[in-house]
Amino acid sequence: MSGTSEGPTPAAGLTRPSITESDIAKSPGAGPVAPVSGGRLTDAAAPTPALTDLAEAAAAAVFTDLAQPSPAFTELARSAPADPPVLAEPLPGLTDLAPPAPAEPAEPAEPAAPTRSAVSAGSAEPSSAPFRPAFRLAPVPLAVLDRDGLVVVANDALGSLLGVTADTLAGQVATDLVDLASDARTWHAYREVLRGRQARLRCTRRLKHPDGHSLWVQVTAAPLAPESEGVLLSLTDITARRELQARLRHLQMHDPVTRLPNRTLFFERLSAALEAESYEQSTSGRIGLCYLDLDGFKAINDTLGHRVGDRLLAAVAERLTRCADEAGYGRPSPPLVARLGGDEFALLVEESTGTEQLAGLAESALKALQAPFEISGRRLSVSASIGVVERQAAGTTATALMQAADTTLYWAKADGKARWTLFDPERNAHRMTRQALASTLRQAIERGEFTLEYQPLVGMEDGRLRGVEALVRWNHPEFGMLTPNRFIGLAEEEGAIVPLGRWILATACRQARRWHLEHPDEPPIFVSVNVAVRQVWDSDLIADVAAILAETGLEPRLLQLELTESAVMGSAGRPIQVLQALSDMGVGIAIDDFGTGYSNLAYLSRLPVSGLKLDGAFVRGFEHPERDAAARPSPADEVIVEAMIQLAHRLGLTVTAECVETSDQASRLRRIGCDTGQGWLYSRPVPADRISDLLDGRACRRP
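Residues numbered from 1 in each chain as written. Predicted model: local features only at pLDDT ≥ 70, side-chain atom pairs only at ≥ 80, totals over all residues. Heavy atoms only, no water.

A. Spotlight on the overall build of the protein chain. If you tally the helices and strands in the protein chain, you get 26 helices and 25 strands. Buried residues in the protein chain amount to 48% of all 703 residues. For the protein chain, long-range pairs separated by at least 24 residues make up 63% of all intrachain contacts whose partners lie at least 6 apart in sequence. Accessible area of the protein chain: about 34300 Å², with a carbon and sulfur share of 51%. (Helix = DSSP H or I, 4+ residues; strand = E, 2+ residues; numbered from the N terminus. Buried < 20%, exposed > 50% of the residue type's maximum accessible area, 1.4 Å probe, protein only. Contact = heavy atoms within 4.5 Å. Areas by Shrake-Rupley, 256 points an atom, 1.4 Å probe, with all protein chains shown as cover.)

Here it is in structure tokens:
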């Protein structure tokens, strides 16, 4: 089999064609090789004819491009004439272009004399290599390394990228050129590639150009061939791509309105600051956060439009940034100012020194926002509420820190706005308890964890039991027995007050009916049940009361419903209609805590109520100093109470005084005409069986 091949490029100063050893040994056993560059070669497997023909060939030089010279070349090196010259040294980096020499036994060849070599030992400039011009002119920065990591040859593109000439790179350490030893992992992988144990290394490095600018390159190192002693190093300039990525990341991580870091970048910085390696290297090991929300921004945004609102947010961001820069003066870094969304901002203080630093930063932020803003020809004023959290970074998570800050911000809003509030662990524990109660309230009703206690309502004249008030208790499996002030407000917020109120009403009516059946010879006592205003709005209270009365058999006149003054006074529409319907059924309606709310006596005459319960604050004003040195009696309280009792009686209403605790209070209330009393003087709230005992004796304590 024969073919035609184009020979290597002649060496400088040589006019005759050159022949490489791979041309001699390229097709062992495949037949004669066609003439190359005017020369005629026979089968390389037959050395003697090949040498004979080679001697007759008009070749200017003969090169070996094999790492292990073939027997044919060895014989040629020993006996060939001085002309043509013979290259006895292998050419690094070029052996992958030719197949390995046939595995034939051969005698060791004597090294060729230096005078017979066209290229000195170790050189990588084989002028006869067919790809040499392509290597030199390739636009990709390339270099061939030896197994020690030294540059053997580099092309012009690599020299241009690094700002030097390609020739000056020969012999230099590659790791110094492209910073491959800066981290242990990359250095280890690179060494494995040099040793032939790893197929490839790819990494990204930032290099410094001699003219001062930085450039990013992607470095790739891979062996040229399994049997080769060389490694190919290639570099790709990715500076433009990195810059584009940086611009895109900046847009992704910053708020377009205020140009501040956004929520994503804020949490990235916060998470990094809470990593163990970060706070262990810090001086204080602490972290602080000011969580800020603008007061009144929504009204400005809704009335003047989003364009004005956005400009106001940008102006606020500018002042907060200036405030943070001033606070960070003389410190390693200023606080990070970020917009978390809407009108919420955050100031993150890494390596904080304590609560005083955070409190000072919060105070500075409030002062910075006090001056009006000039926006689109308008003077706009906003204030801010700030939640402040400062703690040890160890053991803290980003989620926990933000939850604490959000809770503290809520406290600042609830305390009156335009202020900062410091996180309080005890207050937070109360909030967590409240949340735990809210989440289990509905299930507690189904599990039967609620119970009722009853407090007697006693006639002031005769001291006899007239009725009882049903008071709910929550026997919580974790927190113990809870009084209504711990969970009634939660029940109203969560909407659980409707089923809870229905259970209280049914249980109280059932118990009242049982007392009546157990004591048929005694006048029946009424039961008073508290009703939340949400029960009037969110449930069919009329139907519920009618159904419960029908089920228990309790007479409507023996049921009294109590509503607070603030819930009844000023109400219109459905609440009044419901109360009127209940009154028409014969159910008593009483106003609880009277005297602490609206106290609109003119409006009182138009409400379908049958009784008033005076707030205990008036009764406590009756205390005499000679009986209690710490008490401060108020003569005005007695005058006011007497006037309210007389007015109520003229309107046909009964009056009950709450919080009666002393005999003197009871005597004075009885003297000014109060009908019934309720308080610890007579009895604390007790279980239903204790009320049965009182019914047997009938009379309670009379002062």
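B. Structural detail: a negative patch on the surface. Negative charge collects at one region of the surface, where Glu-518, Asp-689, Asp-693 and Asp-696 lie side by side. Tracing the sequence through the fold places Asp-689 in helix H26 (residues 688–697). (Patch = residues over 30% accessible without salt bridge, like charges linked within 9 Å, V, L, I, M, F, W, Y side chains within 5 Å. Salt bridge = Lys/Arg side-chain N within 4 Å of Asp/Glu carboxyl O. Lys, Arg positive; Asp, Glu negative; His and termini not counted. Charge placed at Lys NZ, Arg CZ, Asp CG, Glu CD.)

C. Examining the nonpolar core more closely. Leu-559, Leu-561 and Leu-669 are the most contacted members of the largest nonpolar core, which has 78 residues in total. Examining the composition of this core, we find that ten residues originate from one element, helix H17 (residues 497–518), more than from any other. Sequence-distant contacts of Leu-559, defined by excluding residues within four places in its chain, comprise Leu-505, Cys-509, Val-527, Val-529, Val-545, Leu-549, Leu-554, Val-587 and Gly-588. If you look at the next biggest cluster of nonpolar residues, it comprises 32 residues, including Val-308, Leu-312, Val-337 and Leu-369. (Core = buried A, V, L, I, M, F, W, Y, C linked by side-chain atoms within 4.5 Å.)

D. Inspection of the layout of surface pockets at higher detail. Put simply, the largest pocket is a space of about 990 Å³. Residue lining of the largest pocket: 36 residues in total, with Glu-469, Leu-471, Pro-484, Asn-530 and Asp-592 positioned closest to the centre. For the lining of the largest pocket, the secondary-structure elements that each account for two or more residues are strand S17 (450–459), strand S18 (465–476), helix H16 (488–494), H17, helix H18 (533–538), strand S21 (559–564), helix H20 (565–568) and strand S22 (588–594). Considering every element that reaches the lining of the largest pocket, the biggest residue donor is S18, with five residues. Broken down by class, the residue content of the lining of the largest pocket amounts to 15 nonpolar, eleven polar and ten charged. (1 Å grid on protein atoms, 1.4 Å probe; cavity = no way out; pocket = protein on both sides within 12 Å on 5 of 7 lines; lining within 4 Å. Points joined across faces, edges and corners; volume = space filled by probe spheres on them. Nonpolar A, V, L, I, M, F, W, Y, C, P; charged D, E, K, R; others polar.)

E. Layout of the pattern of salt bridges. Under the criterion given, the structure shown has 28 salt bridges. For the salt bridge of Asp-183 with Arg-205, the shortest nitrogen-to-oxygen distance reads 2.5 Å. Here Asp-183, found in the loop between helix H6 (174–178) and helix H7 (184–194), pairs with Arg-205, found in strand S7 (residues 201–208); they are 22 residues apart in sequence, far enough to count as distant. On the accessibility criterion, Asp-183 (28% relative accessible area) is partly exposed. Overall, Arg-205 belongs to the buried group, its relative accessible area being 9%. Notably, a salt bridge pairs Asp-415 with Arg-427, separated by 3.5 Å at the nearest N-O pair. Here the residue Asp-415 occupies a position in the loop between helix H14 (398–414) and strand S16 (420–422), and Arg-427 occupies one in helix H15 (residues 425–447), the gap between them amounting to twelve residues.

F. Structural context of the side chain of Glu-469. Considering the arrangement of structural elements, one finds Glu-469 in strand S18. A distance of 3.0 Å separates the side chain of Glu-469 from the side chain of Lys-613, its partner in a polar contact. Within the structure, Glu-469 has its side chain in polar contact with the side chain of Gln-678 (distance 2.6 Å). Not counting residues within four places of it along the chain, the set of residues in contact with Glu-469 comprises Glu-453, Tyr-454, Gln-455, Leu-457, Ser-528, Asn-530, Glu-562, Lys-613 and Gln-678. (Polar contact = N/O pair within 3.5 Å; in protein donor to acceptor, adjacent residues only side chain to side chain.)

G. Representation of the packing of helix H12 (residues 306–327) against helix H13 (residues 355–368). Orientation of H12 relative to H13, taken along the N-to-C sense of each, is 145°, at an axis distance of 9 Å. Judged by the twist between their axes, the crossing of H12 over H13 is right-handed. Here Arg-319, Leu-320, Cys-323 and Ala-327 of H12 come into contact with H13, specifically with Leu-361, Ser-364, Ala-365 and Ala-368. Residues belonging to the contact of H12 with H13 are distributed by class as follows: six nonpolar, one polar and one charged. (Axes fitted to C-alpha atoms, helices over the stretch in contact; angles between N-to-C directions. Left-handed = near helix turned anticlockwise from the far one by under 90°.)

H. Fine view of helix H24 (residues 635–650). Counted at 1.5 Å a residue, the expected span for H24 with its 16 residues is 22 Å, and the 23 Å between its end C-alpha atoms agrees. Where the residues of H24 are buried, they touch S22, strand S23 (611–614), helix H23 (616–620), strand S24 (654–657) and helix H25 (663–671). Two residues or fewer after H24 comes Gly-652, characterised by a positive phi angle close to 80°. (Expected span 1.5 Å × (residues − 1).)

I. Focus on the side chain of Asp-343. Relative to the assigned elements, Asp-343 resides in the loop between strand S11 (336–341) and strand S12 (344–350). Lys-413 is the oppositely charged side chain nearest to the buried, salt-bridge-free Asp-343, at an N-O distance of 5.8 Å.

J. Spatial organisation of the packing of aromatic side chains. A full pass over the atoms with the stated rule returns seven aromatic pairs. Among the aromatic residues, those joined into a cluster by ring pairs are Phe-450, Trp-474 and Phe-487. The cationic tip of Arg-319 hangs over the ring face of Phe-373; the distance from NZ or CZ to the ring centre is 3.6 Å. Over the ring of Trp-680 we find Arg-684; its NZ or CZ atom is 3.5 Å from the centre of that ring. (Phe/Tyr/Trp six-rings, centres within 6.5 Å; stacked < 30°, edge-to-face > 60°. Lys NZ or Arg CZ within 6 Å of the ring centre and 35° of its normal.)

K. Fine view of a nonpolar patch on the surface. A contiguous nonpolar surface patch, about 310 Å² in accessible area, is contributed by Leu-244, Leu-248 and Leu-251. Its place among the elements puts Leu-244 in helix H8 (residues 239–253).

L. Representation of the sheet that holds S16 in the model. The five strands lie next to each other as S11-S12-S10-S15-S16, forming an open sheet whose pairing is mixed. A strand with exactly one partner marks an edge of an open sheet, and here the two such strands are S11 and S16. Neighbour-to-neighbour, the strand axes of this sheet turn through a mean angle of 20°, independent of strand direction. In this sheet, S16 lies alongside strand S15 (residues 383–392) in parallel orientation, the contact comprising three bridges. Within the sheet, the bridge partner assigned to Gly-387 lies in S16 and is Thr-421. (Pairing = 2+ DSSP bridges.)

M. Molecular detail of the pairing of S23. A two-sided burial pattern is seen for S23, the buried positions comprising Gly-611 and Lys-613 on one face and Leu-612 and Leu-614 on the other. By the bridge criterion, three bridges tie S22 to S23 in an arrangement that is parallel. Along S23, the bridge assignment pairs Phe-594 with Leu-614. Bridge count for S23 against S24 is four bridges, and the pairing is parallel. Within the sheet, the bridge partner assigned to Leu-612 lies in S24 and is Val-655.

N. Focus on unusual backbone geometry. With a phi close to 50°, Ala-418 is a non-glycine residue in the positive phi region. Within the element layout of this structure, Ala-418 appears in the loop between H14 and S16. Within the chain, Asp-593 stands out as a residue other than glycine whose phi angle is a positive 55°. Checked against the element boundaries, Asp-593 lands in strand S22.

O. Focus on the sheet that holds strand S8 (residues 214–223). The five strands lie next to each other as S6-S5-S9-S8-S7, forming an open sheet whose pairing is antiparallel. Of all the strands in the sheet, the pair left with one neighbour each is strand S6 (151–154) and S7. With direction set aside, neighbouring strand axes in the sheet form an average angle of 25°. In this sheet, strand S9 (residues 231–237) lies alongside strand S5 (residues 142–145) in antiparallel orientation, the contact comprising four bridges. Bridge pairing links Ala-143 to Leu-233 in S9. Its contacts with the sheet place H8 against S7, S8 and S9, and it is angled at close to 125° to S8.

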